[in-house]
Amino acid sequence: MPADLTQSVSISRAPRRLGAILSPRIAYGLAAPSVLLLVLTVMAPIMMMILLSFTSYKFGETGIEWIGIGNYAQLFGDRTFRRALWNTFAYVLMVAPASVLLGLFLAVLIDGLSKGQRFYRLIFFLPVTATVVAMAMVWKYLLHGTIGPFNLLLQSLGLPSLDVFGGRDLALAGLAAINIWSLAGFNMVLFAAGLTAVPEDLYEAAAMDGMDSKFDRFLNVTLPLLGPVTMFVIVTSTITAFKVFDTVAVITHGGPRGATDVLLYTTYLEGFSYFRMGSAAAMTVVFLAIMMVFAWIQARVLDRKVHYR
Amino acid sequence: MTAAVQLRNISKSFGETQTLRDVSLAIRPGEFMSLVGPSGCGKSTLLRILAGLAPQSGGTISIDGTGIDHLPPSARDIAMVFQSYALYPHMTVRQNIATPLRMRRLPAPARLPGIGRLWPGQRSKHNGIDQAVIDAARLVEIEPMLDRRPAALSGGQRQRVALARAIVRHPRVFLMDEPLSNLDARLRVTMRAEIAALHRRLGATFVYVTHDQVEAMTMSDRVAVMMDGEIVQCASPAQLYGNPRDLRVARFIGSPEIATISSDELIAENGGFAPVLPRDPVTVAFRPEAVLLSPAADHLEIPATLERIEQLGPELLVFLRLGSGTRLSARAAAGRIPLSAEGQSLSAWLPARGFMLFDANGRRLDAPHIREFADAG
Amino acid sequence: MNRPHRFRPGQILSHVILLFLAFLFMFPFYVMIVTSVRSPAELFVPEFRWLPESFTGLRYYIQAVADIPALTFLKNGVLISGGILIVQLLTAIPCAYALAKFEFRGRDLLFALVLFSLTVPIQAPALPLFLGLNAIGAIDTYFAAMVPFFLSVFAIFLFRQTFRTYPDEIIQAARLDGMSEWAILWTVVVPGCLPSVAAFSIFSVTAHWNDLYWPMVVIRSNDLMTPPLGLAFFADSESGANYGALMAMATILTAPLMIGFLLAQRHFIRGITMTGVK
Ligand SMILES: Nc1ncnc2c1ncn2[C@@H]1O[C@H](COP(=O)(O)OP(=O)(O)O)[C@@H](O)[C@H]1O
Ligand SMILES: [Mg+2]
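Note that this is a predicted model, so its numbers are computed, not measured. (Residues numbered from 1 in each chain as written. Chains lettered and ligands numbered in written order. Predicted model: local features only at pLDDT ≥ 70, side-chain atom pairs only at ≥ 80, totals over all residues. Heavy atoms only, no water.)

Undergrad: Can you break down the overall build of chain A residue by residue, with the values?
TA: Helix and strand counts for chain A stand at 13 helices and zero strands. Listing every helix and strand of chain A by position from the N terminus yields α-α-α-α-α-α-α-α-α-α-α-α-α. Going through the 309 residues of chain A one by one, you find that 56% of them count as buried. In the form shown here, chain A has an accessible surface area of approximately 13,300 Å², with 67% of it arising from carbon and sulfur atoms. (Helix = DSSP H or I, 4+ residues; strand = E, 2+ residues; numbered from the N terminus. Buried < 20%, exposed > 50% of the residue type's maximum accessible area, 1.4 Å probe, protein only. Areas by Shrake-Rupley, 256 points an atom, 1.4 Å probe, with all protein chains shown as cover.)

Undergrad: How would you summarise the packing of helix H14 (residues 243–263) of chain C against helix H15 (residues 265–273) of chain C if you had to cite specific residues and measurements?
TA: All names here are of chain C. Put simply, H14 and H15 touch, their axes get as near as 5 Å, and they point 110 degrees apart. In this view, H14 runs roughly perpendicular relative to H15, as classed from their interaxial angle. For the pair formed by H14 and H15, the contact residues are Leu257, Gly260, Phe261, Leu262 and Leu263 on the first element and Gln265, Phe268 and Ile269 on the second. Split into classes, the residues belonging to the contact of H14 with H15 amount to six nonpolar, two polar and no charged. (Axes fitted to C-alpha atoms, helices over the stretch in contact; angles between N-to-C directions. Parallel < 35°, antiparallel > 145°, perpendicular 65-115°, else oblique. Contact = heavy atoms within 4.5 Å. Nonpolar A, V, L, I, M, F, W, Y, C, P; charged D, E, K, R; others polar.)

Undergrad: Could you give an account of the environment of Asn222 of chain C, naming the residues involved and the relevant values?
TA: All names here are of chain C. Counting through the fold element by element, Asn222 comes out in the loop between helix H12 (213–218) and helix H13 (227–238). Judged by relative accessible area, which is 37%, Asn222 ranks as partly exposed. Taking the C-alpha atoms as reference, Asn222 lies 14 Å from Ala64; in sequence the two are 158 residues apart. Here Asn222 is in contact with Phe73, Asn76 and Phe233, once residues within four sequence places are set aside.

Undergrad: Describe the confidence of the model for chain A, naming the residues involved and giving the relevant values.
TA: Residues and elements named next belong to chain A. Looking at chain A as a whole, the pLDDT averages 84, with 90% of positions reaching at least 70. Here helix H1 (residues 2–21) stands out as the least confident element of chain A, with mean pLDDT 40; helix H4 (residues 79–111) is the most confident, with 93. Low confidence marks residues 1–20, where pLDDT is under 50. Its contacts with residues over four positions away, or in another chain, come to five contacts. (pLDDT = per-residue confidence, 0-100.)

Undergrad: If you had to explain the interface of chain C and chain A to someone new, which residues and values would you point to?
TA: When the parts of a complex come together, some accessible area is lost, and that lost area is often used as the size of the interface. At the junction of the two partners, chain C supplies 99 residues and chain A supplies 106 residues. When chain C packs against chain A, close to 9,400 Å² is buried across both sides, 76% of that on carbon and sulfur atoms. Scanning the region where chain C abuts chain A turns up zero salt bridges. Between chain C and chain A we count eight residue pairs in polar contact (both at pLDDT 80 or more) in total. Of the residues belonging to the side of chain C that touches chain A, the class tally is 72 nonpolar, 17 polar and ten charged. (Buried area = accessible area lost by both parts, 1.4 Å probe. Salt bridge = Lys/Arg side-chain N within 4 Å of Asp/Glu carboxyl O. Polar contact = N/O pair within 3.5 Å; in protein donor to acceptor, adjacent residues only side chain to side chain.)

Undergrad: Tell me about the environment of Phe273 of chain B, residues and numbers included.
TA: All names here are of chain B. Along the polypeptide, Phe273 turns up in the loop between helix H10 (263–269) and strand E12 (283–286). The class for Phe273 is buried, based on a relative accessible area of 0%. Phe273 sits 27 residues away from Leu300 along the chain, and the two C-alpha atoms are 7.6 Å apart. The residues touching Phe273, leaving out its near neighbours within four places in the chain, are Leu266, Ile267, Leu300, Ile302, Leu350, Pro351, Ala352 and Phe355.

Undergrad: Can you break down the site of ligand 1 residue by residue, with the values?
TA: Residues and elements named next belong to chain B. Close contacts around ligand 1 come from Phe14, Thr19, Ser39, Gly40, Cys41, Gly42, Lys43, Ser44 and Thr45, and that covers them all. In this structure, Lys43 approaches ligand 1 through a main-chain N or O atom, which is 2.9 Å from an oxygen atom. In this structure, Thr45 approaches ligand 1 through a side-chain N or O atom, which is 2.4 Å from an oxygen atom. Look at ligand 1: alone it shows 560 Å² of surface, and the protein chains cover 57% of it. (Near = heavy atom within 4 Å.)

Undergrad: Describe in detail the pattern of salt bridges, supporting the description with residues and values.
TA: Pairs can form between side chains of opposite charge once their charged atoms are near each other. All names here are of chain B. Evaluation of the coordinates by the stated rule reveals 22 salt bridges over all chains. The residue Glu289 makes a salt bridge to Arg331 at a minimum N-O spacing of 3.1 Å. Residue Glu289 is located in the loop between E12 and strand E13 (299–311), and its partner Arg331 is located in strand E15 (residues 327–333); the two are separated by 42 residues in the primary sequence. Classification of Glu289 as partly exposed rests on a relative accessible area of 32%. Each of the salt bridges in this network shares a partner with another, and the network as a whole consists of Arg28, Glu31 and Arg222.

Undergrad: Can you explain the domain arrangement of chain C? Please cite residues and give values.
TA: All names here are of chain C. Per the domain assignment, the segments making up chain C are domain 1 (9–62) and domain 2 (67–273). Counting residues at the interface gives nine residues for domain 1 and twelve residues for domain 2. For the domain 1 face of the interface with domain 2, the top three residues by lost area are Met32, Tyr60 and Tyr61, together amounting to 57%. Taken together, domain 1 and domain 2 are joined by zero salt bridges. There are zero residue pairs in polar contact (both at pLDDT 80 or more) connecting domain 1 and domain 2. Going through the elements one at a time, helix H1 (11–35) and helix H3 (59–66) are the ones with two or more residues in the side of domain 1 that touches domain 2. (Domains from an automatic or database assignment.)

Undergrad: Go over helix H9 (residues 200–208) of chain A, please, and point to the residues and values.
TA: Among the nine residues that make up H9 of chain A, seven are buried, leaving the element largely enclosed by the rest of the structure. Those residues of H9 of chain A that are buried are in contact with helix H10 (214–242) of chain A together with helix H1 (43–51), strand E6 (78–81), helix H2 (93–105) and helix H5 (155–167) of chain B. Downstream of H9 of chain A by a residue or two, Gly210 of chain A has a phi angle that is positive, lying close to 105 degrees.

Undergrad: Explain the side chain of Asp216 of chain A to me, and be specific about the residues and the numbers.
TA: Considering the arrangement of structural elements, one finds Asp216 of chain A in helix H10. Residues contacting Asp216 of chain A, with those up to four places away along its chain left out, are Met211 and Val221 of chain A together with Arg111 of chain B.

Undergrad: Quick rundown of a nonpolar patch on the surface? Include the residues and the values.
TA: On the surface, a nonpolar cluster with roughly 530 Å² of combined accessible area is contributed by Phe20, Phe23, Leu24, Trp50 and Leu51 of chain C. Along the chain, the position of Phe20 of chain C falls in helix H1. (Patch = residues over 30% accessible without salt bridge, like charges linked within 9 Å, V, L, I, M, F, W, Y side chains within 5 Å.)

Undergrad: So what's going on with the packing of helix H4 (residues 70–101) of chain C against H14 of chain C? Residues and values would help.
TA: Residues and elements named next belong to chain C. With their axes 10 Å apart at the nearest point, H4 and H14 run at an angle of 25 degrees to one another. Comparing their axes, H14 and H4 come out roughly parallel. With respect to the hand of their crossing, H4 and H14 are arranged in right-handed fashion. Facing Ala70, Phe73 and Leu74 of H4, the residues of H14 in contact are Met249, Ile252, Leu253 and Pro256. (Left-handed = near helix turned anticlockwise from the far one by under 90°.)

Undergrad: Account for the sheet that holds strand E4 (residues 58–63) of chain B, naming residues and giving values.
TA: Residue and element names in this part refer to chain B. Across the sheet, four strands lie side by side as E2-E1-E4-E5; this open sheet has antiparallel pairing. Edge positions in the open sheet fall to strand E2 (17–27) and strand E5 (66–67), since each of these has one partner strand only. This element, H1, spans strand E1 (5–14), E2 and E4 of the sheet and lies at about 120 degrees to E1. (Pairing = 2+ DSSP bridges.)

Undergrad: Help me get a handle on the sheet that holds strand E14 (residues 315–321) of chain B, residues and values and all.
TA: All names here are of chain B. Pairing within the open sheet is antiparallel, and its four strands lie in the order E15-E14-E13-E16. Across the chains shown, the open sheet's two edge strands, defined by having one partner strand only, are E15 and strand E16 (345–351). In this sheet, neighbouring strand axes are inclined to one another by 50 degrees on average, regardless of whether the strands run parallel or antiparallel. Sheet analysis places E13 next to E16, joined by seven bridges and oriented antiparallel. For His299, the partnering residue across the bridge sits in E16 and is Pro351.

Undergrad: Let's hear about the side chain of Glu215 of chain B: which residues, and what values?
TA: Residues and elements named next belong to chain B. Along the chain, Glu215 turns up in helix H7 (residues 213–219). No salt bridge is formed by the buried Glu215, whose closest oppositely charged neighbour, Arg188, lies at an N-O distance of 4.9 Å. Setting aside chain neighbours within four positions, we find Glu215 in contact with Leu180, Arg188, Arg192, Tyr208 and Thr210. (Lys, Arg positive; Asp, Glu negative; His and termini not counted.)

Undergrad: Give me the lowdown on the nonpolar core, citing residues and values where you can.
TA: Of all hydrophobic cores here, the largest spans 204 residues; its most connected members are Phe124 of chain A together with Phe159, Phe163 and Trp214 of chain C. Here this core gathers at least three residues from each of two domains, domain 1 (9–62) and domain 2 (67–273) of chain C. Setting aside its immediate chain neighbours within four residues, Trp214 of chain C contacts Ile122, Ala126, Leu129, Phe130, Leu133, Ala144, Ala145, Pro148 and Phe149 of chain C. (Core = buried A, V, L, I, M, F, W, Y, C linked by side-chain atoms within 4.5 Å.)

Undergrad: Requested: an account of the pairing of E6 of chain B, with residues and values cited.
TA: Residue and element names in this part refer to chain B. Alternating residues of E6 divide into Ile78 and Met80 and Ala79 and Val81, and every residue in both groups is buried. Sheet analysis places E6 next to strand E7 (residues 173–177), joined by four bridges and oriented parallel. Bridge pairing in E7 places Met80 opposite Leu175.

Undergrad: I'd love a proper account of the state of the cysteines, names of residues and values included.
TA: Residue and element names in this part refer to chain C. Scanning the entire structure with this criterion turns up zero disulfides over all chains. As a non-bridged cysteine, Cys95 has Cys193 as the owner of its nearest cysteine sulfur, 15 Å distant. Using a relative accessible area of 0% as the deciding quantity, one classes Cys95 as buried. (Disulfide = S-S within 2.5 Å.)

Undergrad: Provide a residue-level description of unusual backbone geometry, including the pertinent values.
TA: It is generally the case that most residues other than glycine have a negative phi and that most peptide bonds are trans. Residue and element names in this part refer to chain B. With an omega of 0 degrees, the peptide bond running from Ser255 to Pro256 counts as cis. By the element assignment, Pro256 lies in the loop between helix H9 (247–252) and strand E11 (259–262). Even without a glycine there, the phi angle at His170 is positive, about 50 degrees. Relative to the elements of secondary structure, His170 occurs in the loop between H5 and E7.

Pasting the structure below:
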């Protein structure tokens, strides 16, 4: 019997040893290309970028001067940068709630259908796959102040036409509308996954417990159970909206008169049009810091996701 | 408080397939009624129809003589315990148990999750609910866990919370759909006793669904055996065991399974059976208790081979095989019979009267003269 | 599926609302296509017509392909997003395998760096990368357009999760059979994890096909432009008058992904949503 025991132990341990015998050099070999790339294309550039943000370096000039927090001090005094920051947040405040609510609305409505679920999911997801730049062109024409089909429709209904991208008031909202359009379907799919994860029993228990109306069950069961998914969707939508660049670069170029200047676009111009690398780096650091805050929240949210069983 | 439940000719179809066929069942006030049957036979479907969670295709349901077919689940005064417990994961145990009362007693704005508490004028109702929750929790002994979430509870504790959520409403009828099937074997036995005790304490009508015949037999006043969407027999556990009306019931109830032998084979093994069996071929069935391993009066001997022995402590289960391969099992007191190697030849003595006879369709032929046995067992 | 207790507003009302929203969602696509086949004169009448009065057929498409190098953009899109994908797979898969199935010093640090990098968008290292590429004279090359994306920390993360669930016994059996780790990885493990690879591939190709930012930084010459960059460049240079050709080109450059999506919806939805971040 004891002999038996030792034998079975050594058998069960043998394969593991086999794994351990392998020289770790194999693992280093496997990971090496990625590590090299990680250092060359992520770590080193980010370090450099942070260093750069403390200099007055301009692309094309040979000299490089250490100016401490000069760039940062200047940024927060700079009206353009403050406006870009403000515009970005305003944009996020329009896009995130609207795309989340619309996504939830679509998911719930489609989930209740007995027919046609696939069809609607397809339709609403289509804008997610479409190339943003191409669709931005279309939207620009669609919302054009005089010949845009949207305005022609408004006129045919006897309403005044809107020059969305021509005036300062509506330009940012117009860009937000495009992003909502392209993000809602994405959020819809995430919510749909959350909805199918709600066990059917729970709705039956709710019906037994006196939640007679569907609305009661929605409020007391569906919504609370979607809570973690909702948090996740809010954070990812916020991050996506925060990174807005393409539509600004294609449709408005930050105009009219700075009304759609957003963080990434301003940074792009600063770095790659005016070649003021130092101050562009400082802007990037601010951008990255905000992204890190979002990422931290996202990680917390992902942790919480486990909570309800 | 207690109520009689009448199901009349309930049928249910899902598309082409008919899941329930003309199910009729009269449940007495305060009775513990079990629905037992193999899985897929339609037990849950019937229970959900009774609860109002799914509409029947035909038939009517009444409680105390009043039709309830038109009522939504919550208006039927019925509580249900689900197999998966169906606890709200986002609520604490306290909130879970309070939900049925909140939904019933509070006006809509005060029921809103979270902010509902701010609605004025509900103080006394809230207090009443809080007290009822504590009482229900105490009854199933989960009071210390009231502020935990279901995820932080063990299976048995969740089960109790589900029970408390049903109890708190003081419904006239309790429905339970395989409430113990997610528990481990030990806990299942404990909870079995607790649910039976709960039934006695509450005195309400219980309808209990299970696929486990032992559960049904040990807990119930009466058991309805369902097969293929029909109730084959509804009777007391003793009746079901000793006097099954259908071969399927006879096979389903009792462990080890009842042995069945065709009359032709029996006569071939021992000609003595010829006079006591009908002339037409029938199926003869013997419970393990009826099979003896030593001679006795009114018993006829047949040769068999020993296949396997299971020791159950005070008694043995002896599994035998007849010449044609037909299996037979016997219950014997431990130590009484000298048994040795498996594969050994021996004799079994089968009763020459008092056996159960079934026709080719599995219908019982000999009903009356087995009564005494049934009542004794 | 019949789910009577879910929240279900009336079916008909739902369909009405959804059809209306579906119409709004599809309207830009409709306008794109209809504008690409109608004569320019029609664009300036003060009234929206659903169908073209005079159908221009494929004229603008031919123009987009012939006069404007739409095909070149497409080719660049394929080369760049394909090149990125191949290098990503070749580097991320071995690294993920090492992280998932080996114990070595520095593994936890490496994984922590991967997790950190997941949150870093391309804009963060853009300036130094640009300076570096400029220093080696690589600006305005395919290489420059691809190199920041050669490492996909997301791929490493995803494949690590997938490989971890791959049974050790199979790998050990292969080792006993004398296969090299490299052979085990590519002929045993990866074929067992193809769904992940497919989902990631769709995610990656979609992301880089559609990317505007980085090509805008490093690409200068017309014949290296990716579809989004080419389109943006063309729109600016034509100053928007030639809507027909613009829309035809938009259609052509969006088409590959859209067709892919229509053919493999489920995979696309899985691939694109699996990050939670576009
Ligand atoms: N919603 C439904 N749609 C279609 N078929 C169903 C549905 N619910 C139950 N059934 C079918 O009805 C039969 C009985 O199911 P059920 O009542 O759950 O059985 P039991 O609880 O006895 O195991 C099964 O064959 C099942 O497939
Ligand atoms: Mg069932």
